[in-house]
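Residues per chain are reported as follows:
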Amino acid sequence: MTPAEAPPVPSKLRRRFRTIVKFGLVGLCALIVVASLLIAWAVRRTFPETDGVIAFDSLSAPVDVQRDEWGVPHIYADTSADLFAAQGYVHAQDRFFEMDFRRHITSGRLAELFGEAQVETDATIRTMGWRQVAEQEYEALDDESRSYYDAYADGVNEYLSGKVPGQVSLEYTVLGLSGTTVEVEPWTAVDSIAWLKAMAWDLRGNYNDELDRAQLAAQGLSEKEISELYPPYPTQAHKPIVTRGAVVDGEFDPDADAEESSKDTVPAVSEATTDATVPEEIWSNTRTATDSVANLLGQHGLDGIGSNSWVVSGDKTSTGAPILANDPHLGSSMPSVWYQVGLHCRDTGDSCPFDITGFSFAGLPAVVIGHNAQIAWGFTNLGPDVTDFYMERLKGNKYLSDEQWHDLDKRDEVIEVAGSDPVTITVRSTSHGPIMSDVSEEFAKLADDPQSTAPSGSDEDAEYGVALRWSALDPGHTAQAIFALNTASDFDEFRDAASLFDVPAQNLVYADRAGNIGYQMPGKIPKREAGDGTMPAPGWDSDYDWDGYIDFAQLPYLHNPEEGFIVTANNQAIDTYPHLITRDWDYGYRSQRIRDLIEKDDDLSVSDMESMHNDTKNTQAIGVVGRILDNEVAADTSVHEVLSDWDFQQGTDSAGAAAFNATWRHLLSLTFDELPEDMAAAGNSRWAYVIDQLVDDPDNAWWDDESTTEVETADDILAEAMNKAETELVDRFGDNTQAWRWGEMHVLTVRNQSLGVSGIGVVESVFNSNTVESEGGGGLVNATGWDASSGNYEVTTVPSMRMVVDMADFDKSRWINLTGNSGHAYHSHYEDQLPLWAEGKQLPMRWGRDAIDDSTVATLRLTPDA
């Protein structure tokens, strides 16, 4: 019987079936409604109260928290202790899981939350001892600064009091569903200080470059080949920050000629190897362990990590007063690393000297970048060489130094692991620092076979390790510097505050209401007797040890330079100088572009500065495209046609940007095919400058494809890259080149660095941002970096915030955050600023009480007598 011939279903059965389906659908709908209500309840119970009155018994007087339409709080208090207690309370309201996640990072306790996958990361951080250093720094604080950190911690704990984890943040609920037992511990001042170690790690300088050079040398590249990949900074084409000045009689004089400088003590360039022949695997394995920390912090490697800042005197502005701009470039993370806040003493004086607005870190009191009533300041990463690797000769519990065997320092660390047994590691250290290679199992296998690494004539019983010397592992004063910076009222006090800013060493730019502009290089920057930090050093030879740090009095600064402006963008800080800062600067395309824009105009406004933040001209492309067009390379391709009309701008609708960046990606992989996979050319400013040099040397051996019998030249490789790019773009967009769009290729999804990278799609969709198209690119002023070695164009590093401060009228200042002020998924302020950020827009950075009152949409009073 065919289906068409089947007998009809009896009407009673049909009715019963319809009834079952009806009630089944009703039940399903009910379950969906209940589930939705439970999810909504789980989400909304984490949202903080922002209106009304809340008891806070330890305050000395009421504190008011006024929030605007973007969730930015301005806090008003009578004492400094109350002010920072309220800031701790507010940070915890909006961002506590982020704070707790950071605490687990910096103490090497992520495996407690996320299981075995994080043991290597925890072991790496425990080996460096971030938490122990933070504890020492807390004890070394002056009494006043310590009281501020303690008050901040009190405020955090006041918010946490009486709450279960699921009331604090949705992430705890999700972790609980996964079977992880979560307890929210009280916050401590050390938890705050320890985050400064993570930021120092994020901005640690040439750490990866040193490992890469060692790995290349071990692979067999010659010194000449390595030097071609790390060329000198182009001082003539891209000006340094400080263009004159010298160290005279032990102090830096910004008005002196460079020829007056004290005797040059910069060590010679290191040779390509130490006296140990070290296998490539040792260096790659050491990097693997430390890269796990970088990825956790959203760095995606260090390419693209940097910043722009500039300050222009009133002689070049429309208002006659200075304007200061800043946009730090960091790995993208959800929520943004920054939290916007205003901190105001109702009556400023000795007992309560704070009146500041700016960007803070959740988990840290005060403001990191912003302005007070008299001065404004901004940061970019200086990038000094503050890390050195030492090959150590080891035997049992001893290490060798100057032909003497010394005892290793040893300690055991127990790592608790969710869902598994604890893991115990033994941390070993020499006089240089912790032995990082112990973290790598692969290195341990190599160390078991000393003959694989031993130099000729060495002790057969010796093994070898890689120790890390890093300035941030010496206790410093950065935790104290923040408060001094927040209360500085003139350039001398600004420099005094900068003298405490040990790590991460930053370029500090300055402006004040009196019309002055300035710059200061701070930081603990080591002095070396031998070696220049570009290659690992022999740990058994004390000639390579550090000889203290450069005196602050000798560090370069500027005060009202004749040019009328200062630009810092991770470029070379100073050319002629008696001490080594680093040999691994950003190559200055961004800084020079900013200089060029400033020099064109003597009537600059806040709006002009915003436009400069959004500048997308790719000056790195000029040399390559010039070669293509001058030599008619692949002239029959659509890519050539598009590039011939390209204006070098990288807006979202640009076909030229799509054509160039696709060509660029293939060009790097084709040209540097000899490099190891984990060192593939990522496309930052160094690679741009290397290619710039190579296009002028078309027969250089780097152009040759070793997989063929032919000898390729620059034009051969350029043509192949263009053909590959065309195939890629046609497959993606079609033959119509007007449909090629950079913005569709260059997209940003801001990912939560915990559950947002869990690998569970449903969970990731809750905590990650919507995807937005992005202008700009790596090495541009609008520095939306991407990794050319990854196979795609997705944004990995970003201007994490943008700020323009008008010293003539603070209420005309502007700012924008990457995501939003809230760290709670689904909250209206979780990613409300992201679309504006992507469009290059900024918001009012309110300062005056009238402007703040007029924009207030919610007021929370914290009071001891509620």
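Our structure is the block above this text.
Since the model is a prediction, treat every value here as computed from it, not as a measurement.

**Some points on the overall build of the protein chain**
- Of regular secondary structure, the protein chain possesses 26 helices and 32 strands.
- Sorting the 866 residues of the protein chain into buried and exposed places 62% on the buried side.
- Put simply, of all contacts in the protein chain between residues at least 6 apart along the chain, 73% involve residues at least 24 apart.
- Counting only carbon and sulfur atoms, one obtains 47% of the accessible surface of the protein chain, whose full area is about 32,800 Å².

**Describing the sheet that holds strand β11 (residues 375-381)**
- Spatial strand order, β1-β32-β2-β3-β8-β9-β10-β11-β18-β19-β23: 11 strands in an open sheet with mixed pairing. This sheet does not close on itself; its edge strands, each paired only once, are β1 (52-55) and β23 (557-559). With strand direction ignored, the average angle separating the axes of adjacent strands in the sheet is 15°.
- Where strand β9 (residues 355-360) meets strand β10 (residues 369-372), 4 bridges bridge the pair, whose relative direction is antiparallel.

**Section: helix α10 (residues 207-219)**
- Over its 13 residues, α10 extends 19 Å from the first C-alpha to the last, a length consistent with the 18 Å expected when each residue adds 1.5 Å.
- Counting buried residues in α10 gives 11 out of 13 residues, a clear majority hidden from the surface.
- Among the residues of α10, Y207, N208, D209, E210, L211, D212, R213, A214, Q215, L216 and A217 are the ones counted as buried.
- Where α10 ends, the next residue or the one after it, G220, has phi of about 110°, a positive value.

**A look at the pairing of strand β7 (residues 323-331)**
- Burial analysis of β7 places 9 of its 9 residues in the buried class, the great majority of the element.
- By the bridge criterion, 7 bridges tie strand β6 (residues 306-312) to β7 in an arrangement that is antiparallel. Paired with V311 across the bridge in β7 is L324.
- Sheet topology places β7 next to strand β29 (residues 801-806); 4 bridges connect them, and they run antiparallel.

**Side note on the nonpolar core**
- Core analysis: the biggest nonpolar cluster contains 163 residues, and W470 and L862 have the highest contact counts within it.
- Looking at which element gives the most residues to this core, the answer is helix α2 (residues 80-106), with 12 residues.
- Setting aside chain neighbours within four positions, we find W470 in contact with M128, W130, K197, A200, W201, R204, V386, T387 and W546.

**Thoughts on the state of the cysteines**
- All told, the structure shown has 1 disulfide when counted by the stated rule.
- Between the sulfur of C345 and that of C352 lies a disulfide, 2.0 Å long from S to S. Between C345 and C352 the sulfur-sulfur dihedral comes to about -80°; the bridge is accordingly left-handed.
- On the accessibility criterion, C352 (0% relative accessible area) is buried.

**Describing the environment of Y138**
- Positionally, Y138 belongs in helix α5 (residues 130-140).
- For Y138, a relative accessible area of 15% gives the class buried.
- Y138 sits 54 residues away from S192 along the chain, and the two C-alpha atoms are 9.7 Å apart.
- When residues no more than four places from it in sequence are discounted, the contact partners of Y138 are R146, D150, A189, V190 and I193.

**Considerations on the pattern of salt bridges**
- Scanning the entire structure with this criterion turns up 41 salt bridges.
- Across the pair R814 and E610 runs a salt bridge, and its minimum N-O distance is 3.7 Å. A residue pair is termed long-range when its members are at least 10 positions apart, and R814 in strand β30 (residues 814-817) and E610 in helix α17 (residues 606-613) qualify at 204 residues.
- A residue is classified by how much of its surface remains accessible, and E610, at 14% relative accessible area, is buried.
- Taking the shortest distance from any N to any O, the salt bridge between R665 and E728 comes out at 3.0 Å. Highlighted residues: R665 in helix α20 (residues 655-671) and E728 in helix α22 (residues 714-733), separated in sequence by 63 residues.

**Regarding the packing of aromatic side chains**
- With the rule as written, the count across this model stands at 37 aromatic pairs.
- Summarising the aromatic geometry, the rings of F354 and F483 are spaced 6.4 Å apart at their centres and angled 75° between planes, so their arrangement reads as edge-to-face. Taken as a pair, F354 in the loop between β8 (339-345) and β9 and F483 in helix α14 (residues 478-487) lie far apart in primary sequence, 129 residues in all. Of the two residues, F354 and F483, both sit in the buried class.
- A ring pair is formed by W646 and F660, whose centres lie 5.4 Å apart and whose planes are at 25°; its orientation type is stacked. On the criterion of sequence distance, the pair formed by W646 in the loop between α19 (638-644) and α20 and F660 in helix α20 is long-range, its members being 14 residues apart. For the pair W646 and F660, one class covers both residues: buried.
- A cation sits over an aromatic face here: R146 above Y138, 5.7 Å from the ring centre.
- Against the face of F810 rests R513, its NZ or CZ located 4.6 Å from the ring centre.

**Some details on the packing of helix α18 (residues 622-630) against α22**
- Across the interface, α18 lies against α22 with an axial gap of 11 Å and an inter-helix angle of 100°. Considering the angle they form, α18 stands roughly perpendicular to α22. Contacts between α18 and α22 involve V624, R627 and I628 from the first element and D715, L718 and M722 from the second.
- Residues belonging to the contact of α18 with α22 are distributed by class as follows: 4 nonpolar, no polar and 2 charged.

**Let's talk about the environment of H344**
- Structurally, H344 is set in strand β8.
- Counting along the chain gives 12 residues from H344 to I356, while the straight-line C-alpha distance between them is 6.3 Å.
- Residue contacts for H344: discarding those within four places in its chain leaves H74, I75, Y76, A77, L83, F354, D355, I356, T357, W847 and I852.
- In terms of polar contacts, H344 uses its side chain to reach the side chain of H74, at 2.8 Å.

**As for the packing of α5 against helix α9 (residues 189-202)**
- Between α5 and α9, whose axes approach to 8 Å, the crossing angle comes to 125°. Relative to α9, α5 is oriented oblique. In this structure, α5 meets α9 at a crossing whose hand is right-handed. Each of W130, R131, V133, A134, E135, E137 and Y138 in α5 lies in contact with α9, whose residues at this interface are A189, V190, D191, I193, A194, K197, A198 and W201.
- Grouping the constituent residues of the contact of α5 with α9 by class yields 10 nonpolar, no polar and 5 charged.

Rules of the game
- Along each chain, residues carry numbers from 1 onward, in the same order as the chain's sequence is written.
- Given that the model is predicted, a residue must reach a pLDDT of at least 70 before its local features are reported, and side-chain atom pairs must reach 80 or more before they are shown or counted; all residues, however, enter totals for whole chains, interfaces and linings.
- As a convention, hydrogens and water are excluded, and side-chain values are obtained from all of the structure's heavy atoms.
- For the purposes of this entry, the term helix denotes a DSSP run of H or I that reaches at least four residues, the term strand denotes a run of E that reaches at least two, and both are numbered from the N terminus.
- Relative accessibility decides the category of a residue: with a 1.4 Å probe and only protein chains considered, values under 20% of the type maximum give buried, values over 50% give exposed, and everything between is partly exposed.
- In this analysis, two residues are considered to be in contact whenever any of their non-hydrogen atoms come within 4.5 Å of each other.
- Here the accessible surface of atoms and residues is derived via Shrake-Rupley with a 1.4 Å probe, and residues count as covered only by protein chains that are part of the display.
- Pairing between two strands requires that DSSP report at least two bridges joining them.
- A fitted line through C-alpha atoms represents every axis, and for helices the fit uses only the stretch in contact; the resulting angles, taken between N-to-C directions, go from 0 to 180 degrees.
- Here the expected length of a helix is defined as 1.5 Å per residue gap, with one fewer gap than residues.
- Buried Ala, Val, Leu, Ile, Met, Phe, Trp, Tyr and Cys residues form a nonpolar core when they are joined through side-chain atoms within 4.5 Å.
- When two cysteine sulfur atoms are found within 2.5 Å, that pair is recorded as a disulfide.
- Take a side-chain nitrogen of Lys or Arg and a carboxyl oxygen of Asp or Glu: if they are within 4 Å of each other, that pair is a salt bridge.
- The aromatic pairing rule takes the rings of Phe, Tyr and Trp, using the six-membered ring of Trp, and pairs them if the centres are within 6.5 Å, calling planes under 30 degrees apart stacked, those over 60 edge-to-face and the rest tilted.
- Criterion for a charge above a ring: Arg CZ or Lys NZ at most 6 Å from the ring centre, at most 35 degrees from the ring normal.
- These descriptions rest on fixed angle ranges, namely under 35 degrees for roughly parallel, over 145 for roughly antiparallel, 65 to 115 for roughly perpendicular, and the rest for oblique.
- In this count, Pro and Cys sit with the nonpolar residues alongside Ala, Val, Leu, Ile, Met, Phe, Trp and Tyr, while Asp, Glu, Lys and Arg are called charged and the others, Gly among them, polar.
- The definition of a polar contact used here is a pair of N or O atoms within 3.5 Å, where within protein one atom must be able to donate a hydrogen and the other to accept one, and adjacent residues in sequence count solely through side-chain atom pairs.
- Take the far helix as the reference: if the near one is turned anticlockwise from it by less than a right angle, the crossing is left-handed, and if turned clockwise, right-handed.

These figures come from the coordinates and say nothing about function on their own.
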